[in-house]
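A closer look at the structure
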Amino acid sequence: QVHLVESGGGLVQAGGSLRLSCAASGRTFSSYTMDWFRQAPGKEREFVAAISRSAGYTYYADSVKGRFTISRDNAKNTLYLQMNSLKPEDTAVYYCAADRFGSVQAMPPSIIDYWGQGTQVTVSS
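Looking now at the packing of aromatic side chains. In the structure shown here, the tally under the stated rule is five aromatic pairs. On the basis of an interplanar angle of 80° and a centroid distance of 5.8 Å, the ring pair of Tyr32 and Tyr114 is categorised as edge-to-face. Placement of Tyr32 in the loop between strand 3 (18–25) and strand 4 (33–39) and of Tyr114 in strand 10 (residues 114–115) is noted, with a sequence separation of 82 residues between them. Seen in terms of ring centroids, Phe47 and Tyr59 are 6.1 Å apart; in terms of plane orientation they differ by 40°. Their pairing is tilted. Pair noted here: Phe47 is in strand 5 (residues 46–51) and Tyr59 is in strand 6 (residues 58–60), with a separation of 12 residues, a long-range link. Owing to a relative accessible area of 11%, Phe47 belongs among the buried residues under this scheme. Taken together, Phe37, Phe47, Tyr59, Tyr95 and Trp115 form an aromatic cluster joined through their ring pairs. The ring of Tyr95 carries the charged tip of Arg45 above its face, separated from the ring centre by 3.7 Å. A cation over an aromatic ring shows up here: Arg72 above the ring of Phe29, its NZ or CZ 4.7 Å from the ring centre.

This brings us to the sheet that holds strand 7 (residues 68–73). Pairing within the open sheet is antiparallel, and its four strands lie in the order 1-3-8-7. Only two strands of the sheet have a single partner each, and these edge strands are strand 1 (3–7) and strand 7. Taken over all neighbouring pairs, the strand axes of this sheet differ in orientation by 15° on average, direction set aside. Relative to strand 3, strand 1 is paired through five bridges, and the arrangement is antiparallel. By the bridge assignment, His3 is partnered in strand 3 with Ser25.

Counting residues in each nonpolar core, the largest one holds 37 residues, and the members touching the most others are Met34, Trp36, Leu81, Met83 and Tyr94. Setting aside residues up to four positions removed in sequence, Tyr94 forms contacts with Glu6, Leu20, Trp36, Phe37, Arg38, Val48, Phe68, Leu81, Met83, Gly118, Thr119 and Val121.

Criteria and cut-off values
Residues numbered from 1 in each chain as written. Predicted model: local features only at pLDDT ≥ 70, side-chain atom pairs only at ≥ 80, totals over all residues. Heavy atoms only, no water. Phe/Tyr/Trp six-rings, centres within 6.5 Å; stacked < 30°, edge-to-face > 60°. Helix = DSSP H or I, 4+ residues; strand = E, 2+ residues; numbered from the N terminus. Buried < 20%, exposed > 50% of the residue type's maximum accessible area, 1.4 Å probe, protein only. Lys NZ or Arg CZ within 6 Å of the ring centre and 35° of its normal. Pairing = 2+ DSSP bridges. Axes fitted to C-alpha atoms, helices over the stretch in contact; angles between N-to-C directions. Core = buried A, V, L, I, M, F, W, Y, C linked by side-chain atoms within 4.5 Å. Contact = heavy atoms within 4.5 Å.

This is the structure:
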């Protein structure tokens with residue numbers, strides 16, 4: 001019952017910034033922990049970041065910590081991912097996701113309840 005639609009992807013030069021948005025529709029958006037995942041061609045989908053239901057806690061993969069910032073606005077039913085200091089290895093399809101756990105941690109893709117369709121991020125060197 002939660003539909004997720006990502007936007008904001010595109011082409012950016014290495015060292016640049018990009019801001020992704022995820023618009024959620026449904027009756028219980030604020031009851032879900034929200035996550036970002038990414039998947040590059042030929043690679044498994046990997047966890048990027050998570051944020052708690054009331055936005056009090058965040059968790060980041062080591063590969064993006066210090067460069068990416070996850071945030072949410074429950075009043076707008078929107079999730080964000082601010083990406084700074086982008087590297088070519090950040091190139092991937094980025095997915096917004098929702099899960100029912102109350103704790104914030106690195107989540108395996110198998111535990112996710114709802115997925116967005118993905119948005120392409122390409123970082124040129």
